[in-house]
Amino acid sequence: MIDLHTHTTASDGTFSPAKLVHLAKDEGLQAVAITDHDTIAGNAEALTIGREIGIEVVPGVEISADSPFGSIHIVGLLIDTEDEKMESILTELREYRYKRNVKMIDLLVGMGIPITMEELVVISGGDLVGRPHFAALLVSKGVVSSYQEAFNKYLKAGGKAYLDKKRLPVNEAILMIKNSGGIPILAHPYVLRIKDEENIEANIEYLVELGIEGIEVFYSEHSRGDEALFADLARRHSLLVSGGTDFHGDVKPGVSLGRGHGNLNIPYYLLESIKEMVA
Ligand code: AMP
Ligand code: FE
Ligand code: FE
Ligand code: ZN
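All values derive from a computational prediction rather than experimental measurement.

1. A closer look at the coordination of the iron ion (ligand 2)
Only Asp-12 (OD), Asp-12 (OD), His-37 (NE2) and His-248 (NE2) from the protein coordinate the iron ion (ligand 2), and they sit 2.1 to 2.8 Å from it. For the iron ion (ligand 2), the 6 donor atoms in the first shell make angles of 50 to 150 degrees at the metal, so the coordination geometry reads as irregular. Each donor residue of the iron ion (ligand 2) belongs to the same chain, and together they define the spacing D-x24-H-x210-H. The metal-metal distance between the iron ion (ligand 2) and the zinc ion (ligand 4) is 5.0 Å. Of this pair, Asp-12 sits in the loop between strand E1 (2-3) and helix H1 (17-26) while His-248 sits in the loop between strand E8 (240-244) and helix H11 (269-278), placing them 236 residues apart in sequence. Comparing Asp-12 with His-248 shows no difference in burial state: the two are buried.

2. Focus on the site of ligand 1
Around ligand 1 lies a shell formed by Asp-12, His-37, Arg-97, Arg-100, Gly-130, Arg-131, Pro-132, Tyr-147, Gln-148, Phe-151, Lys-165 and His-248. Within the side chain of Asp-12, a nitrogen or oxygen atom sits 3.3 Å from an oxygen atom of ligand 1. Between ligand 1 and Arg-100, the relevant distance is 2.7 Å, taken from an oxygen atom to a side-chain nitrogen or oxygen of the residue. The set of elements that each furnish at least two residues to the shell around ligand 1 consists of helix H3 (84-110), helix H5 (131-140) and helix H6 (147-155).

3. Details of the pairing of strand E2 (residues 31-34)
Here E2 shows no split at all, with Ala-31 and Ala-33 on one side and Val-32 and Ile-34 on the other all buried. Relative to E2, E1 is paired through 2 bridges, and the arrangement is parallel. Its bridge partner being in E2, Asp-3 is matched across the sheet by Val-32. Where the polypeptide runs from E1 across H1 and back to E2, its parallel neighbour, the crossover connection is right-handed. Pairing geometry for E2 and strand E3 (residues 56-67), over 4 bridges, is parallel.

Thresholds, definitions, all that
- Residues numbered from 1 in each chain as written.
- Chains lettered and ligands numbered in written order.
- Predicted model: local features only at pLDDT ≥ 70, side-chain atom pairs only at ≥ 80, totals over all residues.
- Heavy atoms only, no water.
- Donors = N, O, S within 2.8 Å, 3.2 Å for Na, K, Ca; no water.
- Tetrahedral: all angles 85-135°; square planar, octahedral: opposite > 155°, others 65-115°.
- Helix = DSSP H or I, 4+ residues; strand = E, 2+ residues; numbered from the N terminus.
- Buried < 20%, exposed > 50% of the residue type's maximum accessible area, 1.4 Å probe, protein only.
- Near = heavy atom within 4 Å.
- Polar contact = N/O pair within 3.5 Å; in protein donor to acceptor, adjacent residues only side chain to side chain.
- Pairing = 2+ DSSP bridges.
- Right-handed = clockwise from strand over helix to strand, strands pointing away.

Below, the structure written as structure tokens:
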């Protein structure tokens, strides 16, 4: 079993890269990919620990991208973690994120909710602050009683303190991953099904034309029907099949590493096919 979609403290997960790799080993996984939002900073530590304790770590990243059919996420697997061009693009994305966060803090302070960037950085346990850290801070200050209430009232799109962040055009996200030797994969495609089921095949064809090479068939929030739908689309469009849980640790307590909500079982041979593509 494997898990090709996870987040660490380098972005908005709550497990450090080292702890996550240890957990993967303890859970009996053969491989785990680190796919933090907008950063590859967690990969080096994870790769080192993976070699030490004997579990395959796949270097990765997850990019939020703009498409004609809205915001989508692209997971990049087997990327070159030394790629300077990618690092400079990611640095720019993190700068936009930082500016968005400053404005969101201002909005909350303006509503009489005193929070600071320093507090958010402490909660994040890393270099990248995201909305989950805002949510955790609002809970710890007693402003809301739950993580989900923080999103519903303040942080989700349309919430009182929500601000959009600048995203890469999807063609650039795909190109950046390919240029670094990686495989671009459409993450959690059920989101596309929910938004516009009628056009799902046309939208996937659009991404195939831009060079997407894989699709997450196995995902924590996918029903059996989703798995069948996306497996069929993958076959008909010659896409690699990937799978991951989107493990975030304690901020998504229902999602376990490798298992999702309990019954995911992602076979190692999927990673073998992905590796053959880069070989
Ligand atoms: P950001 O990258 O700062 O825009 O934050 C995005 C992250 O917030 C996602 O990766 C999820 O972990 C989390 N998130 C986004 N929307 C929601 C929501 N409605 N409820 C709970 N968590 C969410
Ligand atoms: Fe996240
Ligand atoms: Fe995502
Ligand atoms: Zn994710």
